[in-house]
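Here is how the chains run, residue by residue.
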Amino acid sequence: MRLDRYLSRATALSRSQARRMIRAGRVSVDGDPVKQPAIPVAMQAEVVLDGELLAPPLPRYYMLNKPLGVVCATQDPSQRTVFDILRPDGLHIAGRLDIDATGLVLVTDDGQWSHRITAPANHCAKTYRVGLAEPLPKDAAEQLRRGICLRHEAKPTRPAELEILSDRDMRLTLTEGKYHQVKRMFAAIGNRVTSLHRESIGTLVLDEGLSAGEYRPLWPDEVSVYRIGR
Ligand code: URA
């Protein structure tokens with residue numbers, strides 16, 4: 001984390017106040033005076049302001065109910081992004097959703113935590129509510145469970161679990177996250193996704209109290225009980 005961000009997060013100072021204090025030589029890192037606000041600081045570093053050791057800022061974790069039409073990117077020249085809803089301030093997205101998908105997006109500044117969610121080897125389960133253009137054939141659940149060969153992919157998809165809620169309304173759980181995976185899986189069996197909403201990631205379930213475009217911090221138990229796989 002940049003030193004000016006560290007300082008403002010560890011105190012009640014604004015970023016510009018923090019920068020002024022750093023430039024004035026009032027801050028040291030691991031015993032050395034530092035005057036460059038942009039210098040990176042490790043979370044275990046000892047940061048001292050006016051002779052006082054600061055407690056490191058706590059990592060932040062949020063769940064967002066992404067609305068339609070919002071892009072999971074830091075910046076976009078023409079579309080609204082997740083960071084027009086949540087102030088970026090060192091945060092990143094743990095697992096993207098397409099612009100035309102809605103639902104659970106996790107945002108954090110804890111890289112190790114988000115890595116556990118997104119690392120392909122961890123097979124973190126993600127559940128989607130899926131609207132389809134056509135009813136599914138009887139053997140669709142079995143096909144999805146066995147794995148589908150997607151174009152431009154060397155291996156078939158990992159076993160996916162399909163819950164049929166009605167003719168064109170499904171719940172699908174994946175343990176991988178290939179590009180546009182849900183849409184490509186249904187396209188491969190001759191169908192088309194008309195709506196896509198992410199309900200959960202691992203053990204984290206989208207809070208029913210969050211309307212589209214709303215977010216809230218995760219509770220400590222939600223951060224710590226996060227498990228991978230199913
Ligand atoms: N699968 C998709 O096709 N899109 C998403 O946004 C997520 C999973």
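Computed from a predicted structure; not experimentally measured.

Q: I would appreciate a short explanation of the site of the ligand in the present structure.
A: Taken together, the neighbourhood of the ligand is formed by Leu97, Asp98, Ala101, Tyr128, His180, Gln181, Val182, Lys183 and Leu196. Note that an oxygen atom of the ligand is positioned 3.2 Å from one of the backbone N or O atoms of His180. Here an oxygen atom of the ligand and a backbone polar atom of Lys183 are 3.1 Å apart. Here the ligand, which alone exposes 240 Å², has 94% of that area covered by the protein. Per-class residue counts for the shell around the ligand are 5 nonpolar, 2 polar and 2 charged.

Q: Whenever I open this one, unusual backbone geometry confuses me. Can you help?
A: Residues apart from glycine generally show negative phi values, whereas peptide bonds are mostly found in trans. For Asp30, which is not glycine, the phi torsion reads 50 degrees and is therefore positive. Within the secondary structure, Asp30 sits in the loop between strand 1 (27-29) and strand 2 (32-33). The phi dihedral of His152 falls on the positive side, at around 65 degrees, and the residue is not glycine. With respect to the helices and strands, His152 occurs in the loop between helix 5 (140-146) and strand 11 (161-166). Taking the relative accessible area as the measure of exposure, His152 reaches 75% and is therefore exposed.

Q: Looking at this structure, I do not really get the side chain of Glu176. What am I missing?
A: As for its position among the elements, Glu176 is in the loop between strand 12 (169-174) and helix 6 (181-188). With a relative accessible area of 14%, Glu176 lands in the buried category. A polar side-chain atom of Glu176 sits 2.6 Å from the main-chain amide nitrogen of Arg158. A distance of 3.0 Å separates the side chain of Glu176 from the side chain of Gln181, its partner in a polar contact.

Q: Got a minute to help me understand the pattern of salt bridges in this structure?
A: When their charged atoms lie close together, side chains carrying opposite charge are able to pair. The full count for this structure, using the stated rule, is 23 salt bridges. The salt bridge partner of Glu153 is Lys178, with a shortest N-O separation of 3.9 Å. Here the residue Glu153 occupies a position in the loop between helix 5 and strand 11, and Lys178 occupies one in the loop between strand 12 and helix 6, the gap between them amounting to 25 residues. By relative accessible area, Lys178 is classed as partly exposed at 24%. Residues Arg168 and Asp167 are paired through a salt bridge, measuring 3.3 Å at the closest nitrogen-oxygen approach. By relative accessible area, which is 47% here, Asp167 ends up partly exposed. A cluster of three or more residues bridged by salt bridges with shared partners is formed by Arg2, Asp4, Arg5, Arg9, Arg15, Arg19, Arg60, Arg87, Asp89 and Asp109.

Q: Honestly, the nonpolar core in this entry has me stumped. Any pointers?
A: One broad trend across soluble globular proteins is that nonpolar side chains are buried collectively. Core analysis: the biggest nonpolar cluster contains 33 residues, and Val107, Val130, Leu136, Leu144, Leu172, Val182 and Phe186 have the highest contact counts within it. Of all elements in the fold, only strand 5 (61-66), helix 3 (82-85), strand 9 (102-108), strand 10 (126-132), helix 5, strand 12, helix 6 and strand 13 (193-201) reach the threshold of two or more residues within this core. If you look at the next biggest cluster of nonpolar residues, it comprises 15 residues, including Leu7, Leu13, Ala18 and Leu49.

Q: What is the right way to look at the environment of Leu104 in this model?
A: With respect to the helices, strands and loops of the structure, Leu104 is situated in strand 9. Along the backbone, Leu104 and Tyr128 are 24 residues apart, and their C-alpha atoms lie at a distance of 9.5 Å. In contact with Leu104, other than residues within four places in its own chain, are Met63, Leu64, Leu97, Arg198, Glu199, Ser200, Ile201, Leu204, Val205 and Leu206.

Q: For this particular structure, what's the right way to read helix 6?
A: Three or four residues apart is the spacing at which side chains of an α-helix point the same way, because the helix has 3.6 residues per turn. Listed as buried for helix 6 are Gln181, Val182, Met185 and Phe186. Looking straight down helix 6, one finds its buried side chains confined to an arc of 125 degrees; they lie on one side. Remark: Gly190 follows helix 6 within two positions and exhibits a positive phi of approximately 80 degrees.

Reading the values: the criteria
- Residues numbered from 1 in each chain as written.
- Predicted model: local features only at pLDDT ≥ 70, side-chain atom pairs only at ≥ 80, totals over all residues.
- Heavy atoms only, no water.
- Near = heavy atom within 4 Å.
- Polar contact = N/O pair within 3.5 Å; in protein donor to acceptor, adjacent residues only side chain to side chain.
- Areas by Shrake-Rupley, 256 points an atom, 1.4 Å probe, with all protein chains shown as cover.
- Nonpolar A, V, L, I, M, F, W, Y, C, P; charged D, E, K, R; others polar.
- Helix = DSSP H or I, 4+ residues; strand = E, 2+ residues; numbered from the N terminus.
- Buried < 20%, exposed > 50% of the residue type's maximum accessible area, 1.4 Å probe, protein only.
- Salt bridge = Lys/Arg side-chain N within 4 Å of Asp/Glu carboxyl O.
- Core = buried A, V, L, I, M, F, W, Y, C linked by side-chain atoms within 4.5 Å.
- Contact = heavy atoms within 4.5 Å.
- Arc of directions from axis to C-beta.

Shape is all these values report; function is a separate question.
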